[in-house]
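# Descriptive structure summary
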Amino acid sequence: MAEEELMFSMEEVGSLKDGPRNGCGHSRVSFEDVNASDNEEDDFFICPITDYPISPTKGSFDNLRNLTHNKQLSNSLPKNSFTYKEAWKHAIEKAKAMPDPWAEFHLEEMETEQCTRYRYNAVTGEWVKDDIFIKISSQPFGKGAMRECYRAKKLSNFSHSSKWKSASNYVAKSYMETVDREVYFEDVRLQMEAKLWGEEFNRHRPPKQVDIMQMCVVEMTGRPGNPLFHLEHYIEGKYTKYNSNSGFVRDDNIRLTPQAFSHFTFERSGHQLIVVDIQGVGDLYTDPQIHTEKGTDFGDGNLGLRGMALFFHSHLCNKICKSMGLTRFDLSPAETAQLDCTNKLLQSARTVLRGCEELCGSPRVRTTSLGHMPPLLFRLGENSSMDENSETDSIPCSPLSMGIAVGRSPMGWSFMNEMNETHRANSDHKDSDNGGDSGYPSERRSEGDPVEHHNQLTEEKWSFYHSSRSHIHRSSCVTMEVERLNAMVHERKIGKSILGKVHLAMVRYHEAGRFCEKDAPWDQDSAMYHMERAAMCGELEAIVALGQCYLQLPHHILSEIELEASEENRRKGFRFLLQAAEAGDRPSMILVARAFDTGFNLSSDRTMDWKQAVHWYDCALKMTDYDEGGEFDGMQDEPRYLLLARLAEMYQEGGFNLSADPQRAGDLFTEAADVAMEAMKGRLASQYYMKAEEAYGMMEE
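Residues numbered from 1 in each chain as written. Predicted model: local features only at pLDDT ≥ 70, side-chain atom pairs only at ≥ 80, totals over all residues. Heavy atoms only, no water.

## Some points on the overall build of the protein
If you tally the helices and strands in the protein, you get 24 helices and 15 strands. With 701 residues in all, the protein has 58% of them scored as buried. When the accessible area of the protein is evaluated, it comes to approximately 30,100 Å², of which 50% is carbon and sulfur surface. (Helix = DSSP H or I, 4+ residues; strand = E, 2+ residues; numbered from the N terminus. Buried < 20%, exposed > 50% of the residue type's maximum accessible area, 1.4 Å probe, protein only. Areas by Shrake-Rupley, 256 points an atom, 1.4 Å probe, with all protein chains shown as cover.)

In structure tokens:
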């Protein structure tokens, strides 16, 4: 099924005058306009077309969403002259007339249970706790790999207890295997932060907007053990998995928007994360996964850099990627050829570009700047590869970096201590399912809402989040990444590129045979291609491995690859080793020093130079001064006393641009003897003491 246009045209939207525009160019419809015919408030429905809430009655939440995501709503509306008020009245009436898809199961006859609901606000990092009433079926109606699903109904906090037949349909999910209770809360935090990225994607005016389901945790306090469930609205329609957290891309129902959304999150987050595992009904997604650079949060599904590599190995940029300014991830010719089938399928997708898509990183996609900075602490930004001492370290680079200062610990679990206080603060007004203090601009209530002050604070943080991200965008292209690194004139460039780490992960996957058929040879050329890209991005491990590989030295990465022993490869290898030595790699320092010392592995465009050799030997010796637990250990590869002794011999003999210095030679031999004695090398220490005496004797002569 090809992707089709769902949104109204921008010309139609631009002609409406029902209210101010939101960030995506759509007209705002007030709650009073939409619900003018009903006095009693029911569950909020967030329209995927306008991104603003309406309140259909008689349990028609599900029907109205199904109408929209099944594309019946947009086809049934007049395309020329209409107002949003008339359109929504028409939609609500049609939704009321639709039957309840779960009527045959008579959930209203199930036992009513009171439970505690926990909802997460990804903008503020706060958890909200309240009590609700639900009915859950006793038998699951579906199972996934880890969870099973139960039909449920939840009574709106604004509805009468006798209206269970009109209550909204929900899906309650629980893990089939016993898991830590915090896993349920971590899953909600993941999905709500992914929803924030959906909001960011929509601000760039893509052809089709996306939304991610609201999900919360419910604690069944009336049951033994207080079991937990995930609770989210039931959406009727064809459920499709568009991509996975391990590189799968659906090829029998090619879609542009899901893949472009994942690519967008990678670039817009400055490579710190990517939202994948996109699945759901239409462009209403649920159960996504977030891969982060560190790979330490969001559960076992967070594959970190490996997950990013798996996505880009199967991703071919489509026309939405290009219209939003997303750049192509570097793939080898062989890898690109493997995606030719995907390229042909992309041509069949019928999404129509508007021509008004905003480029990822465009300075125009921002809100009014604030006069002060909210008290934000940046969780992902603290130890990331963002440029040191640059402005980007002082602003939030990700929605994940918000919220610690407002009552959340780095792992997000300190909310329990503040739950009662938060509950009391909200006890005067019961929140609906999707509105209230959820924090998302698309789910904001009307101006007169009792939580106006809280929403104002949320809006400030939201505004700051967008306005401060105008220069965080990073390209997926190595060429542009190298330009960024070269602009870091006075800063360390090695290890500062997450993109380089992703390419190195691609190398490891190729070497492990992840991208080839069973028993088939793995693609060595593609592995070398990504190794070179990782080295271009300043990934030290790749630089060292390439230097060793080109010089026919033992190397632990791509150990099966043997390159031709040519003079060109020799020059390349020495340049890589010299770059690694300058970056602080001690084994490379020693190899470079010995090349200048003995001429072994020295490229033809250079000559033996003991002055250079002394410099690199000294650098290697300084690396052994690291305290215990440091990055280098001089006893592991080249003992310190051997380097000191070689330096002493060079100063004693002189030559190759180095002047003889017997005094310096004697001192170095003495130091080498002392170090050898500490290393329990008594016989060697005696030889060094004797050579020291010889060097001092040359001074007297």
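Once you've had a look at it, read on.
## Examining the state of the cysteines
Counted by the stated rule, this structure contains 0 disulfides. Free of any disulfide, Cys 477 has its nearest neighbouring cysteine sulfur in Cys 537, separated by 9.1 Å. Classification of Cys 537 as buried rests on a relative accessible area of 1%. (Disulfide = S-S within 2.5 Å.)

## Some points on the confidence of the model for the protein
Here the protein averages 76 in pLDDT, while 69% of its residues score no lower than 70. Taken as a whole, residues 367-439 scores under 50 in pLDDT and shows 194 contacts with residues more than four places along the chain or in a different chain. (pLDDT = per-residue confidence, 0-100. Contact = heavy atoms within 4.5 Å.)

## As for the packing of helix H17 (residues 540-550) against helix H18 (residues 567-582)
It is at 7 Å that the axes of H17 and H18 come closest, and there the two elements cross at 150°. Our pair here, H17 against H18, has a crossing hand that is left-handed. For the pair H17 and H18, the contacting residues are Leu 540, Ile 543, Val 544, Leu 546, Gly 547, Gln 548 and Tyr 550 in the first and Asn 569, Arg 570, Lys 572, Gly 573, Phe 576, Leu 577, Gln 579 and Ala 580 in the second. Considered class by class, the residues forming the contact of H17 with H18 number 8 nonpolar, 5 polar and 2 charged. (Axes fitted to C-alpha atoms, helices over the stretch in contact; angles between N-to-C directions. Left-handed = near helix turned anticlockwise from the far one by under 90°. Nonpolar A, V, L, I, M, F, W, Y, C, P; charged D, E, K, R; others polar.)

## Focus: the sheet that holds strand E8 (residues 211-212)
Spatial strand order, E8-E14-E13-E11: 4 strands in an open sheet with mixed pairing. A single partner strand is all that each edge strand has here, and the edge strands are E8 and strand E11 (239-241). Pairing analysis gives 2 bridges linking strand E13 (residues 279-281) to strand E14 (residues 284-285), with the strands arranged antiparallel. Residue pairing in the sheet places Val 281 in a bridge with Leu 284 of E14. (Pairing = 2+ DSSP bridges.)

## A few points about the pattern of salt bridges
A full pass over the atoms with the stated rule returns 25 salt bridges. Residues Lys 153 and Asp 100 are paired through a salt bridge, measuring 3.0 Å at the closest nitrogen-oxygen approach. Here the residue Lys 153 occupies a position in strand E6 (residues 147-155), and Asp 100 occupies one in the loop between helix H5 (84-97) and strand E3 (113-121), the gap between them amounting to 53 residues. For Lys 195, the salt bridge is made with Asp 211, and the minimal N-O distance between the two is 2.6 Å. (Salt bridge = Lys/Arg side-chain N within 4 Å of Asp/Glu carboxyl O.)

## Quick notes on the nonpolar core
In this structure, Phe 261 and Val 275 are the most contacted members of the largest nonpolar core, which totals 52 residues. Of all the secondary-structure elements, those providing two or more residues to this core are helix H6 (181-203), helix H7 (257-268), strand E12 (273-276), helix H8 (304-313), helix H9 (319-323), helix H14 (478-486) and helix H15 (498-511). Listed in part, the 42 residues of the second largest apolar core include Ala 595, Met 650, Ala 672 and Tyr 688. (Core = buried A, V, L, I, M, F, W, Y, C linked by side-chain atoms within 4.5 Å.)

## Thoughts on the side chain of Glu 481
Inspection of the secondary structure assignment puts Glu 481 in helix H14. Exposure remark for Glu 481: the relative accessible area of 1% places this residue in the buried category. Of note is the side chain of Glu 481, whose polar atom sits 2.9 Å from the side chain of Arg 484. At 2.8 Å, the side chain of Glu 481 and the side chain of Ser 497 are in polar contact. (Polar contact = N/O pair within 3.5 Å; in protein donor to acceptor, adjacent residues only side chain to side chain.)

## So, the environment of Ser 314
Relative to the elements of secondary structure, Ser 314 occurs in the loop between H8 and H9. For Ser 314, the residues in contact, after removing those within four places along its chain, are Gly 247, Val 249 and Leu 339. Reaching out from Ser 314, the side chain makes a polar contact with the backbone oxygen of Leu 310 at a distance of 3.4 Å. At 3.1 Å, the side chain of Ser 314 and the backbone oxygen of Phe 311 are in polar contact.

## What to know about the layout of surface pockets
To find leftover empty space, a probe the size of one water molecule is rolled over the atoms. The calculated volume of the largest pocket comes to roughly 1,300 Å³. Arg 147, Lys 173, Asp 277, Gln 279 and Asp 287 are the residues nearest the centre of the largest pocket, which is lined by 47 residues in total. Broken down by secondary-structure element, the contributors of at least two residues to the lining of the largest pocket are strand E5 (142-143), E6, strand E7 (168-175), H6, strand E10 (228-233), E11, E13 and E14. No other element matches H6, which puts 6 residues into the lining of the largest pocket. Its residues placed into classes, the lining of the largest pocket shows 21 nonpolar, 13 polar and 13 charged. (1 Å grid on protein atoms, 1.4 Å probe; cavity = no way out; pocket = protein on both sides within 12 Å on 5 of 7 lines; lining within 4 Å. Points joined across faces, edges and corners; volume = space filled by probe spheres on them.)

## Side note on the pairing of E10
Burial runs high along E10: 6 of the 6 residues are buried. Pairing between E7 and E10: 4 bridges, direction antiparallel. Residue Val 171 lies in a different strand from E10, and its bridge partner there is Glu 232. In this structure, strand E9 (residues 216-219) lies alongside E10, joined through 4 bridges in antiparallel fashion. Within E10, the residue paired with Val 217 across the bridge is His 230.

## Re the packing of aromatic side chains
The description of an aromatic ring pair uses the distance of the two centres, along with the angle that the planes make with each other. All chains considered together, the criterion is met by 19 aromatic pairs. Ring centres of Tyr 118 and Phe 185 lie 5.3 Å apart, and the angle between their planes is 70°; this geometry places the pair in the edge-to-face category. Here the residue Tyr 118 occupies a position in strand E3, and Phe 185 occupies one in helix H6, the gap between them amounting to 67 residues. Each member of the pair Tyr 118 and Phe 185 is classed as buried. Ring centres of Trp 610 and Phe 656 lie 5.2 Å apart, and the angle between their planes is 50°; this geometry places the pair in the tilted category. On the criterion of sequence distance, the pair formed by Trp 610 in helix H20 (residues 610-623) and Phe 656 in the loop between helix H22 (640-653) and helix H23 (662-678) is long-range, its members being 46 residues apart. (Phe/Tyr/Trp six-rings, centres within 6.5 Å; stacked < 30°, edge-to-face > 60°.)

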